[in-house]
Amino acid sequence: MFDWPLDWIALLVAFAALAFARKTSDRLAEVQARLAKLEAARPIGIAPAVPGAPPLSPLQEPATAPAVPPPLPEVTEPALQPAAVTADQTADPGPPAVPPLPQPVAGFEERIGTRWVVWIGGLTLALGGFFMVRYSIEAGLVGPEVRVALGALFAAALLAAGEWTRRKESISQIAALPIANIPAILTAAGTAVAFATVYAAYALYGFLPPAFAFVLLGLVALGTLAAALLHGAALAGLGLVAAFTTPVLVSTGEPNYWALYIYLAIVTAAAFALARVRLWRWLAMTTIGLSFLWTLPGLDMGIETVAPHVFHVIAGFALAALIVVCGFVFGPAAENDDAEPISSAALAVYLLGAMLVVLASFHDGLALIGFTVLVAATLAVAWRAPSASGAVGAAAATVFLVFAEWALRDNPDLLVLPGGALPSMGPNPLGASVAWHLVTAAIFAIGFGAAGFLAQGRSENAVVPVVWSAAGVFTPLALLVALYARIAHLDRSIPFAILAVVLAATLAVATEALTRREERHGLSFSIALFATGTLGALALALTFALEKGWLTIALALMSLGTAWIFEHRPIPFLRILAAAFAGLVVLRIGYDPRIVGADVGTTPILNWLLWGYGVPAASFWGASYLMRRSGDDAPLRAVEAAAILFTTLLAFLEIRHAVNDGDMLAVPSLAEIGLDVCVALALAIGLERLRARSGSVVHNVSAVILTGFAGGATLFGLLLLENPMISDVTIQGGLLNILILAYAFPAVLMLLLSYAVAGRRPPAYGNTLAAGALILALSYVSLEIRRIYHGPDLTSGPTSAAEQYTYSIVWLILGVALLGIGVIVQSQRARLASAIVIALTILKAFLVDMSALTGVWRALSFIGLGLVLVAIGWLYQKVLFRRQQQAPPAAPVA
């Protein structure tokens, strides 16, 4: 119980009444003006008739009009001049219609006098009663009993005045202003005073026991709701708030949930009935929301509160189904086969409440029975009334959440002991729970699956059968996964694999049966969903029968299978579904890139990485190939990205596994980085060729990313961190050593990539790659010379004169070789590379050899360099230049 002062309660209740009155005032004014226009436009001489109201949408609020229409104002017609009737006028045109009277715009004075005065007057009356009681308390004029009696008399007087003014207006045929309805405001003030009087008698003076006060406050609230039938929406809102706050104001210290929920059931029924009679959507939704909030108290108090909570959600669900759902029993009329939001949301909210009861009670048997009953009732109501079809999806979602929470809940040690519980320790404490859930899951799976199949063809609205089929496919699969996780603990289980195969066969039979039916709205979409469910069940069968890593493979195959189904049933949703499966596989490897943990295996190439990454990569490539036939869109790009990602990761992880003897956590080495660069460059070359045919933005961006990765790994890995010249890397073997993989092969691949992008990307892109290839080539020959002179450890010992001369002569040979290649193939890029290498050799000769070499080595270095330079000059003057003079200019080769 809250010890609030009486004046604050009065203010809150009074302002609530004023807010509700103001909320509906503008709408009522507009409706009244429209009715006046219709009455004024009625032709003279025609008997007044009640115009046929247009059909209302479900739970749509109708215009509020007085019980008896106001009489037409007298209109003085001008004298009509007789007109000559021509020979061809054979029909009487009838009496002329009176033009509609213009509606004057209310001025400032009129608004003040007819609206604001009435509103403020009602508020003043309510506050006056409260302040009179407060003054009598402070002055000690009367005792508590008299104060309460005076409050009750004042409330009765206000209510009587409201009813008298309403009858007086009705009898005198004077229409009240809907936006400043004096009877409604007087009645609202009276109910507010009555509510405060009863609460004061209980909370302040202790005249009433809690139970009696609770009943009186409830009667006041229900009476307010009943009066709203005559006085409009503002009074209904006031009564609803008062009814649902009464249990908060009256407290006994020992809550009686049965009494509470029986009272709330009565209030909910009254509010729903009022919403149904007046077609007030807002009142129905507000009642549903407040009723759901009252489900939350006491959920954590144990088993003793389960029964009243179950009663509360079942009672609310039943009332909503009977009164709120359009086209069902007493609900409003339904419009065609459309899924109506209020009808679906009403059932979904109470399903959510039942789910919370199950979870809070740790899956108590009674709570589980109540939840099952509501799910079955949802299917039955939605079967009869398509307006509640949206609740079918909510039912499937709550079923999955209940079983998923049960599967993820921590199990006792008895359940995970090898062989089960020990005989001396008694029976399994969760055996009954498992049995209950198995039976319930079977009921749900059969119910949703059968309903999803039989609902096809029952509605002309395509959304309805699709919702049924989605729930019929999703629910059995989700329940099977939850049971497998709870009972088999995600380990290999042949019984569950058999169940999955049986489910796949059932869905396949349903798919085949649906394909033979005549075409109806939504049928093709439903067929695709059942076919996808068949693939999903087969994937689960593989997962259950094999090791954990097969789940990744099964999900990847689902993407390929969905793309194949799209080939035969071109439904756009299937493309999104194929991309969703690819996304799930990507998330799966993000959780554990090794797929099966530490059990990858030690055999190079032929290990779990090949299956865990190779099969998904092949599946995604196949799915992208099938999907590309129907155009380029976001789902296709997602699948293509997954295919490239898995292909790249397969190569990288297999390299890591092979180089490090199965240790997936080892520090990267020179060999691994070199092989990674080779793979990245090779994939980039392939993607460059592929994007030239496909035009895919994914292939384009992926090629750039792989090229950038290769460049970064080359710079930071091969030339800096793992460079044998500056690190402790040892080079074992003869001429066939790790330097070939780390520097020679990447140089060749980078050169090939520069030619692959020629004419397709900016020249700077290809020239940068060619420069990288030249740097790697120079690094390779230099490191090989160093290894020859120093052995495996390239950092040991001084550099001799012979070694320095060898660098110069080998660089010179490399430059001449590049020049020869450029002359033969007419490649300007190769000749430019030759010039760079020879320029480096010249710099080395003058900056290093001149000071570091002595004797014959210095002479040989300069003699050899001079001869080569002269030969190059002769080649340019006599051979290359002459060929360019005699032959027509060839297209430059990038």
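Chemist: How should the overall build of the protein be read in this particular structure?
Modeler: Assigned secondary structure in the protein consists of 28 helices and zero strands. Burial analysis of the protein (894 residues in total) assigns 45% to the buried set. In the protein, the proportion of contacts linking residues at least 24 apart, taken out of those at least 6 apart, comes to 73%. If you sum the accessible surface of the protein, you get close to 43,700 Å²; carbon and sulfur atoms cover 71% of it.

Chemist: I'm lost on the packing of helix H22 (residues 670–694) against helix H24 (residues 738–756) in this one. Help?
Modeler: Describing two packed helices takes the angle between their axes plus the distance from one axis to the other. Axis separation between H22 and H24 bottoms out at 9 Å; the angle between their running directions is 15°. Considering the angle they form, H22 stands roughly parallel to H24. H24 is crossed by H22, and the crossing has left-handed handedness. Contact residues: Leu670, Ala671, Gly674, Leu675, Val677, Cys678, Leu681, Ala684, Ile685, Glu688 and Arg689 in H22; Ile738, Leu741, Ala742, Tyr743, Phe745, Pro746, Leu749, Met750, Leu752, Leu753 and Ala756 in H24. Classifying every residue of the contact of H22 with H24 gives 19 nonpolar, one polar and two charged.

Chemist: Can you help me understand helix H26 (residues 801–825) in this one?
Modeler: Each α-helix turn comprises 3.6 residues. Residues three or four places apart therefore point the same way. For H26, built from 25 residues, the straight-helix expectation of 36 Å at 1.5 Å per residue is met to within 8% by its first-to-last C-alpha distance of 36 Å. Trailing H26 by a residue or two, Gln826 shows a phi angle of about 55°, which is positive.

Chemist: Would you mind going over the nonpolar core with me for this structure?
Modeler: Burial of nonpolar side chains together is a common tendency in soluble globular proteins. With 75 residues, the main nonpolar core has Phe371, Phe403 and Phe448 as its most contacted residues. Counting only elements with at least two residues in this core, the list comes to helix H9 (306–324), helix H10 (341–360), helix H11 (365–384), helix H12 (390–408), helix H14 (431–454), helix H15 (463–487), helix H16 (494–515) and helix H17 (523–545). With ten residues, the top contributor of residues to this core is H15. If near-sequence neighbours (up to four positions away) are discounted, Phe403 is found in contact with His437, Thr440, Ala441, Phe444, Leu479, Ala482 and Leu483. Grouped together as the second largest cluster of nonpolar side chains are 47 residues, Ile644, Leu718, Met750 and Ala833 included.

Chemist: Is there a simple way to think about the packing of aromatic side chains in this case?
Modeler: We describe a pair of aromatic rings using the distance from one ring centre to the other and the angle between the two ring planes. Considering all chains together, one arrives at 14 aromatic pairs under this definition. Arranged with centres 6.1 Å apart and planes meeting at 75°, the rings of Phe496 and Phe544 form a pair that is edge-to-face. Placement of the pair is Phe496 in helix H16 and Phe544 in helix H17, with a sequence separation of 48 residues. Phe496 gets classed as buried once you look at its relative accessible area, which sits at 8%.

Chemist: What am I meant to see in helix H23 (residues 697–721) here?
Modeler: Its 25 residues place the ends of H23 34 Å apart at the C-alpha level, agreeing with the 36 Å of an ideal helix rising 1.5 Å per residue. At Thr714, H23 is deflected by roughly 35°, the largest bend along its length. Those residues of H23 not exposed but buried are Val698, His699, Ser702, Ala703, Leu706, Thr707, Ala710, Ala713, Thr714, Gly717 and Leu718. Those residues of H23 hidden inside the fold are in contact with helix H20 (608–628), helix H21 (634–659), H22, H24 and helix H25 (763–790). N-capping of H23 is provided by Ser696, with a side-chain oxygen placed 3.1 Å from the backbone N of Val698.

Chemist: What is the right way to look at the packing of H23 against H25 in this model?
Modeler: Here H23 crosses H25 at 30°, and the two axes come no closer than 12 Å. Classified by the interaxial angle, the pair formed by H23 and H25 is roughly parallel. In this structure, H23 meets H25 at a crossing whose hand is left-handed. For the pair formed by H23 and H25, the contact residues are Ala703, Val704, Thr707, Thr714, Leu718 and Leu719 on the first element and Tyr765, Leu769, Ile775, Leu776 and Ser779 on the second. When grouped by side-chain class, the residues that make up the contact of H23 with H25 number eight nonpolar, three polar and no charged.

Chemist: Any chance you could explain the pattern of salt bridges here in plain terms?
Modeler: Pairing is possible between side chains that carry opposite charge, provided their charged atoms lie close to one another. With the rule as written, the count across this model stands at twelve salt bridges. The partner of Arg516 in a salt bridge is Glu512, with the nearest N and O atoms 3.5 Å apart. For Arg628, the salt bridge identified is with Asp632, shortest N-O distance 4.0 Å. Classification of Arg628 by relative accessible area gives partly exposed; the value is 23%. Exposure remark for Asp632: the relative accessible area of 35% places this residue in the partly exposed category. Connected through salt bridges with shared partners, the residues Arg628, Asp632, Arg637 and Glu640 form a single ionic network.

Chemist: Looking at this structure, I do not really get unusual backbone geometry. What am I missing?
Modeler: Peptide bonds are mostly trans, and most non-glycine residues show a negative phi. Residues other than glycine seldom take positive phi values, yet Val329 does so here, at roughly 55°. Relative to the elements of secondary structure, Val329 occurs in the loop between H9 and H10.

Chemist: Can you walk me through the environment of Ala488 in this structure?
Modeler: Mapped onto the elements of the fold, Ala488 is located in the loop between H15 and H16. The residues touching Ala488, leaving out its near neighbours within four places in the chain, are Leu483, Ser493 and Phe496.

Chemist: Help me out: how do you make sense of the confidence of the model for the protein in this one?
Modeler: Segments scoring low in pLDDT should not have their predicted coordinates read at a detailed level. A residue-level look at the protein finds 64% of positions with pLDDT of 70 or above and a mean pLDDT of 76. Taken together, the stretch residues 170–180 has pLDDT below 50 and engages in 22 contacts with residues farther than four places along the chain or on a different chain.

Chemist: Would you mind showing me how to read the side chain of Ser469 here?
Modeler: One can find Ser469 in helix H15. A relative accessible area of 0% places Ser469 in the buried class. Setting aside residues no more than four positions away along its own chain, Ser469 makes contact with Gly452, Gln456, Ser526, Leu529 and Phe530.

Chemist: Can you walk me through the environment of Ala777 in this structure?
Modeler: Mapped onto the elements of the fold, Ala777 is located in helix H25. Along the sequence, Ala777 and Tyr743 sit 34 residues apart, while their C-alpha atoms lie 6.7 Å from each other.

Chemist: How should the environment of Ala541 be read in this particular structure?
Modeler: Among the structural elements, Ala541 can be located in helix H17. Each C-alpha atom of the pair Ala541 and Ala554 lies 8.9 Å from the other, and the pair is 13 residues apart in sequence. For Ala541, the contacting residues outside a window of four places in its chain are Ala497, Ala500 and Val501.

Cut-off values and rules
Along each chain, residue indices are assigned from 1 in the same order as the chain's sequence is written. Local features are withheld for residues below a pLDDT of 70 in this predicted model, meaning they are given only at 70 or higher, and side-chain atom pairs are given and counted only at 80 or more; totals for whole chains, interfaces and linings count all residues. Neither water nor hydrogens contribute to the side-chain values; these are computed over all heavy atoms in the structure. The secondary structure listing takes helices from DSSP runs of H or I that are at least 4 residues long and strands from runs of E that are at least 2 residues long, numbered from the N terminus. Relative accessibility decides the category of a residue: with a 1.4 Å probe and only protein chains considered, values under 20% of the type maximum give buried, values over 50% give exposed, and everything between is partly exposed. Whether two residues are in contact is decided by their heavy atoms, any of which lying within 4.5 Å being enough. Throughout, the Shrake-Rupley method with a 1.4 Å probe supplies accessible areas, and for residues the shown protein chains are the sole cover considered. Orientation is described by lines fitted to C-alpha atoms, with helices fitted over the stretch in contact, and by angles between N-to-C directions that extend from 0 to 180 degrees. Working rule for angles: under 35 degrees goes down as roughly parallel, over 145 as roughly antiparallel, 65 to 115 as roughly perpendicular, anything else as oblique. The crossing is said to be left-handed when, going from far helix to near helix, the turn is anticlockwise and less than a right angle, and right-handed when the turn is clockwise. Note on residue categories: nonpolar means Ala, Val, Leu, Ile, Met, Phe, Trp, Tyr, Cys or Pro, charged means Asp, Glu, Lys or Arg, and polar means any other residue, Gly included. A helix is expected to span 1.5 Å multiplied by its residue count minus one. Buried Ala, Val, Leu, Ile, Met, Phe, Trp, Tyr and Cys residues that are joined via side-chain atoms within 4.5 Å together make up what is termed a nonpolar core. Aromatic pairing here means that ring centres of Phe, Tyr or Trp (its six-membered ring) are within 6.5 Å. Orientation follows from the plane angle: under 30 degrees is stacked, over 60 is edge-to-face, and everything else is tilted. Note on bend: at a given residue it equals the angle between the axes fitted to the 7 residues ending there and to the 7 starting there. Under the rule applied, a polar contact is a pair of N or O atoms within 3.5 Å (in protein, one hydrogen donor and one hydrogen acceptor; residues adjacent in sequence only if both atoms are side-chain atoms). The term salt bridge refers to a pairing of a side-chain nitrogen on Lys or Arg with a carboxyl oxygen on Asp or Glu at a separation within 4 Å. For every residue, the predictor states its confidence as a pLDDT score lying anywhere from 0 to 100.

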